[in-house]
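What follows is each chain in one-letter form.
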Number of protein chains: 2
Amino acid sequence: MSTTNTTRYAILGLLTIQPMSGYDLRKHLGESLNFFWAESNGQIYPALKKLVADEWIMPIKTHQRGRRTRQQYALTPVGRNQLKKWLAKPPHIQPPRNELILKLFLGRSAPNGALAQHVKAFKRRHEDVLGVLLNFRKTIPKDNARSADLDYWMLCLEHGIRLRQAEIEWSSVTLTRIASTSTRNRR
Amino acid sequence: MSTTNTTRYAILGLLTIQPMSGYDLRKHLGESLNFFWAESNGQIYPALKKLVADEWIMPIKTHQRGRRTRQQYALTPVGRNQLKKWLAKPPHIQPPRNELILKLFLGRSAPNGALAQHVKAFKRRHEDVLGVLLNFRKTIPKDNARSADLDYWMLCLEHGIRLRQAEIEWSSVTLTRIASTSTRNRR
DNA sequence: CTCCTGATATGTCTGTCAGACATGTCTACC
DNA sequence: GGTAGACATGTCTGACAGACATATCAGGAG
């Protein structure tokens, strides 16, 4: 099996920023990272247990004033090393499963107007995300003035922005073409 | 559970083009469709069985001269209707799992030069795919002169092309930025 | 004519994943 | 003293990825 349980490494990576609890990880993964890395909630806690067992991370107790005690985790030297080794390996490519495009491909069998609806929704969603990302681009550099991670984060952001722009442009073109196609093929 | 077993519908969709065997489906899925829809080989035959049991498709015997008898399948009216209903539903969005971007995000922990290697490979791969797609754009319209599917296929192709172009452009920009980043952060 | 190679053809199996669902705790406010 | 809502930690099922297994047939090499 060449599937590498990437969840472990995503967690490991986040812990390079600072020690966190499972809940923190979940929030991080659900927010900024979510634009290019979706983690399944159900994987996080089992993965943490496994990582502790392998001694890639270690649990640390944190007593916060006025807040419940949370189980936090920190990288061990072993974990840091494993992460580095993983980062050196060529990235695994996610097999594409673009359901919108599949439906478009089979468009001849679709009920009238459905495809246009799908593409419109697709476009709107990407426009929303693009808005968020463009806002990030403005605010992140100020908040994290000279974080060592900043340069890398901006590259990821740039990727997200360009991809969304391409999707939006394609959507526009496609919408006009769909209109003329359905006119031509009308029974 | 909201996961919809999309494999069934991908198969159903391909059978609208013409009756096919499992092997034909596998080839189709491994070739043209593969650019936006990757199907796991292991799913095809079980899915076919299920589809037959549900009477969405029916097995037909084909005796080809000089070739082994293959089990082919054709859509039933029920199947055609189910496909149509599915096409009308909003497409499910694949959760993103872009391992390259994840590695870039964690770039600070990566060994020297590794990221640049990854991005270069990423760029090369997309350039190769773009070449294939651009070639498709030239040849497909001639081969399938007035297929009812042609218009839809071209839309999918266009999507693939634009996305790849965006990836390639981002790669170029990123490569120059990585170079200057690693210079600045050198110890 | 027999062996071998490679395309044809049909599957199985294991670990990983998606994401809905379950459960309990603490704070703040009424 | 109750309860709404954030905080926090999990479990569970069906679907999926993709490596692996197996058998048949055609055509060429010896």
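Summarised in this report is the structure supplied together with it. (Residues numbered from 1 in each chain as written. Chains lettered and ligands numbered in written order. Predicted model: local features only at pLDDT ≥ 70, side-chain atom pairs only at ≥ 80, totals over all residues. Heavy atoms only, no water.)

1. Comments concerning the relation of the copies chain A and chain B
If you rotate chain A by 180 degrees and push it 0.0 Å along the axis, it lands on chain B with an RMSD of 0.0 Å. Expressed as an axis order, the relation between the two copies is that of a two-fold axis. In this assembly, 100% of the residues forming the interface of chain A have copies in chain B that are likewise at the interface, indicating an isologous arrangement. (Least-squares fit on C-alpha atoms with pLDDT ≥ 70 in both. Contact = heavy atoms within 4.5 Å.)

2. Brief notes about the interface of chain A and chain B
In this complex, chain A contributes 70 residues to the contact, which on the side of chain B involves 71 residues. Between chain A and chain B, a total of about 7200 Å² is buried, with carbon and sulfur atoms accounting for 64% of that surface. Across the contact surface, chain A and chain B share six salt bridges. For R108(A), the salt bridge goes to D149(B), with nearest N and O atoms at 2.7 Å. Put simply, chain A and chain B have 30 residue pairs in polar contact (both at pLDDT 80 or more) between them. When contributions to the side of chain A that touches chain B are tallied by element, the ones reaching two or more residues are α1 (6-14), α4 (77-88), α5 (99-105), α6 (114-143) and α7 (150-184) of chain A. In terms of residues, the side of chain A that touches chain B owes the most to one element, α7(A), which gives 19 residues. When the residues that make up the side of chain A that touches chain B are grouped by side-chain class, the tally is 39 nonpolar, 15 polar and 16 charged. (Buried area = accessible area lost by both parts, 1.4 Å probe. Salt bridge = Lys/Arg side-chain N within 4 Å of Asp/Glu carboxyl O. Polar contact = N/O pair within 3.5 Å; in protein donor to acceptor, adjacent residues only side chain to side chain. Helix = DSSP H or I, 4+ residues; strand = E, 2+ residues; numbered from the N terminus. Nonpolar A, V, L, I, M, F, W, Y, C, P; charged D, E, K, R; others polar.)

3. Regarding helix α2 (residues 22-30) of chain A
Residues and elements named next belong to chain A. Buried residues of α2: G22, D24, L25 and L29, and no others. Projected down its long axis, α2 shows its buried positions confined to an angular sector of 160 degrees, all on one face. Of the surrounding secondary structure, the elements contacted by the buried residues of α2 are α1, β1 (20-21), α3 (41-53) and β3 (70-75). (Buried < 20%, exposed > 50% of the residue type's maximum accessible area, 1.4 Å probe, protein only. Arc of directions from axis to C-beta.)

4. A short note on unusual backbone geometry
Backbone phi values are negative for most residues with the exception of glycine, while trans is the configuration of most peptide bonds. All names here are of chain A. Backbone geometry places E55, a non-glycine residue, at a positive phi of 65 degrees. Along the chain, E55 falls in the loop between α3 and β2 (57-62). Judged by relative accessible area, E55 falls into the exposed class, the value being 55%.

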